[in-house]
Structure formats: C-alpha cells, structure tokens
Amino acid sequence: LPEDYDIESEVMKSHQRSYIGNGRILDYMKMYYRVPDEFEQFIYMTHVLQGLSTKMGIEAHRRNMPYCMGSLIWQINDCWPVASWSSIDYCGRWKALQYYARDAYDEVLVSPYASGKQVVFKVISDRLQKMKGELEITTLTLEGQTVFSKKVSFDLGANGCEDVASITTTELYGGKKENEVFIYVTLNENGKTVSSNIHYPVYSNQYTYSKVAPIITVEKTNEGVNLRLRSSALIRGLYLYVDDDESFFEQNYVTLIPGKEEVVQVKTHLSAAAFEKQLKYLSVNQVN
C-alpha cells in the first residue's frame, strides 16, 4: 500500500530477509551518491548502487586473471515483491545488476582503473585465439567538451589479460578538475567496437550533473520498438520503463555520452504510439 512506501515500514522490513540489508544499502548510498527523499527515486538508486558495485567487483576479479578465474553472484530472483539482493525482480524484470553483470562478463572487456596518479587500461579476453585491437581513450567534460584523446594499438594472446596503456591523470584531465571530467574508452576490432567502459575520477556525489532531458525517438520494429537516445550532456544510469511487465528492454540503465547515439531494442506487444505514451525514465542526474 502507498503508506508502506518506506524502506523502514513493517512490510518492507519483514520482506527483507537480510537483517543488515536496508541499513547497509543506505550506508553505501550515502557514501557514493546523494540520497533522494522520494521513494521511487530511492528504489531506483538502490538498483544503480547494486549494479555498479557488482560491476566493480566482477571487473576487479577479471583483471586478476589467472589468480581469479571467475565470480558467482547471489542472487538471481525473488519469490515475492521485496527489497533484496536479487538481479531480477518478482515480476521477472531485470534490475540494473542483471544488465551490468551481463556486460561485465563479455568475452572481451576493457577495464580502466586508478593506480596512484595514473589510470591504467586493462584488456581481458576469454577467447581461445589471440586478437589485435585498438583502444580509443577520450576524456570529456560533463557537457561533452573533449580535453584529451589518444588511440593505442595492441596485440593480446589467447586467454589474455594485459595492461595496454597507462596515462597520468595530469595528461588525462587536461587542466580540468577531477569532478569536471570522465574518461570514455572503446575497444575496437576491425573497425567495430566490441567493448566500452567509463572511468570516473571521483564518486558520483562529487559531480554536479546537468538536468538535461534525453532526446528519445521511438521507432517500430518487427518485435516491438527501437529507442534512439541522445543527449547534449552526460546522463548517468538512464532507466527506461513502461507500465507493462511483459515489455523487455534489451539494454537499460544506460549512460548517455554527449553527442553519441545509443539504440535500445525493446520487445513489446504495445504499438509504437502506446509505448511512447507510456514511456518514462529516471536517471542519476534527476536524483542528484
């Protein structure tokens, strides 16, 4: 019921099977993000926090090949509507964790990480064949201004895991403050992007995000619709949703890079017009 829409309500607490669950969620949200007052936004932020923290763990494990060769995630689903560890909710809808974990387990992954006063760009491959590729490393302001750009070619052996580039933060930030920039890296093979990632120098709550709205174009397809997404400024964790549990978003909680188009495929029985009318979104920018 609406009166139960509070993380500390008796219904929410009785369904939370972890005795430290809700308090732990709030503690870490305060550490990394700004905590919203509105309940729907709060639930959204718990999903973002869960997804990104698990992504961080998976990437750290994969960067430590061959000493660590895998991860197990608890848990997949729920038996009732609840705040929980699960990556898929009671209705079968994917949370941020399910999307982020799927992408973090890609066969080929570029994973940037901070090391002292440098950012190191590691490439991990689970392929049984060697590969050649190129990293395109770009530092952007939140409004899309490029302050650094570099391309790095590399060769990687089968089941490879190597630091491909290491660049000082002084060079990367181009005179900008840490909370004014982010680093976007793509791994390209034969002219096609096979992996991409973002490195943020500081926690999310240290950024001042633009309140810009995403530009969304809805196009009809044989299986549903395609959503073409663009933005003039960085939008983090864009969550797209409709009031229809059967509609499935192939990608979600996406981050929009200024000036770069993202396409999200949606399987839905709704017409394009009905889908567009129902479509809503939340993002970290709105909360922060």
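As the structure is a prediction and not an experimental result, all values here were calculated from the model. (Residues numbered from 1 in each chain as written. Predicted model: local features only at pLDDT ≥ 70, side-chain atom pairs only at ≥ 80, totals over all residues. Heavy atoms only, no water.)

### Remarks on the overall build of the protein
No. 1: In terms of regular secondary structure, the protein is built from 7 helices and 14 strands.
No. 2: Relative to the compact-globule value of 19 Å for 288 residues, the protein shows a C-alpha radius of gyration of 20 Å, a close match.
No. 3: Reported as C-alpha extents along the three principal axes, the dimensions of the protein are approximately 55 × 45 × 40 Å.
No. 4: Counting only residues that meet the buried cut, the protein has 46% of its 288 residues in that class.
No. 5: A sequence separation of at least 24 residues applies to 61% of the contacts in the protein between residues at least 6 apart.
No. 6: Between the mean site of the 30 positive side-chain charges and the mean site of the 36 negative ones, the protein shows a separation of 5 Å. (Helix = DSSP H or I, 4+ residues; strand = E, 2+ residues; numbered from the N terminus. Rg over C-alpha atoms; globule rule 2.2 N^0.38 Å. Buried < 20%, exposed > 50% of the residue type's maximum accessible area, 1.4 Å probe, protein only. Contact = heavy atoms within 4.5 Å. Lys, Arg positive; Asp, Glu negative; His and termini not counted. Charge placed at Lys NZ, Arg CZ, Asp CG, Glu CD.)

### A short note on the environment of K55
No. 1: One can find K55 in helix α3 (residues 39-63).
No. 2: K55 sits in the partly exposed class, given a relative accessible area of 22%.
No. 3: Note: C-alpha distance between K55 and L97 (42 residues apart in sequence) is 7.7 Å.
No. 4: Residues contacting K55, with those up to four places away along its chain left out, are Y100, A104 and N197.
No. 5: There is a polar contact of 2.8 Å between the side chain of K55 and the side chain of E59. (Polar contact = N/O pair within 3.5 Å; in protein donor to acceptor, adjacent residues only side chain to side chain.)

### Describing the pairing of strand β2 (residues 118-125)
No. 1: Among the 8 residues in β2, 7 count as buried, and that is most of the element.
No. 2: Two elements, strand β1 (residues 108-115) and β2, share 8 bridges in a ladder whose sense is antiparallel. When the sheet's bridge partners are listed, L109 is paired in β2 with I124.
No. 3: Joining the antiparallel neighbours β1 and β2 is a turn of 2 residues, in which G116 adopts a positive phi near 65°. (Pairing = 2+ DSSP bridges.)

### Some thoughts on α3
No. 1: The end-to-end C-alpha distance of α3, which contains 25 residues, comes to 36 Å, matching closely the 36 Å that a straight helix rising 1.5 Å per residue would cover.
No. 2: The N-cap residue of α3 is E38: its side-chain oxygen and the backbone nitrogen of E40 are 3.2 Å apart. (Expected span 1.5 Å × (residues − 1).)

### As for the environment of D244
No. 1: Locating D244 in the fold gives a position in the loop between β10 (235-241) and β11 (248-249).
No. 2: Between the C-alpha atom of D244 and that of T268, which follows or precedes it by 24 residues, the distance is 8.7 Å.
No. 3: Non-local contacts of D244, meaning those with residues more than four positions away in its chain, are made with T268, H269, L270 and Q278.

### Looking at the sheet that holds strand β12 (residues 254-256)
No. 1: Strand order across the open sheet formed by 3 strands is β12-β10-β14, with antiparallel pairing between neighbours. Of all strands in the sheet, those with a lone pairing partner are β12 and β14 (280-282), marking the two edges. Across the sheet, the mean angle from the axis of one strand to that of its neighbour is 40°, orientation sign disregarded.
No. 2: With 2 bridges connecting them, β10 and β12 associate as antiparallel partners. Within β12, the residue paired with I235 across the bridge is L256.
No. 3: Against the sheet, α3 makes contact with β10 and β14, and its axis sits at roughly 115° relative to β10, the strand it touches most. (Axes fitted to C-alpha atoms, helices over the stretch in contact; angles between N-to-C directions.)

### Examining the pattern of salt bridges
No. 1: Overall, the coordinates contain 14 salt bridges when judged by the stated rule.
No. 2: Across the pair D245 and R93 runs a salt bridge whose closest N-O atoms are separated by 2.9 Å. Placement of the pair is D245 in the loop between β10 and β11 and R93 in the loop between α3 and α4 (96-104), with a sequence separation of 152 residues.
No. 3: Since its relative accessible area comes to 36%, R93 is described here as partly exposed.
No. 4: Note that K267 and E250 form a salt bridge whose closest N and O atoms lie 3.6 Å from each other. Of this pair, K267 sits in strand β13 (residues 262-267) while E250 sits in the loop between β11 and β12; the two residues are 17 residues apart in sequence, bridging distant segments of the chain.
No. 5: You can call E250 partly exposed: its relative accessible area is 23%. (Salt bridge = Lys/Arg side-chain N within 4 Å of Asp/Glu carboxyl O.)

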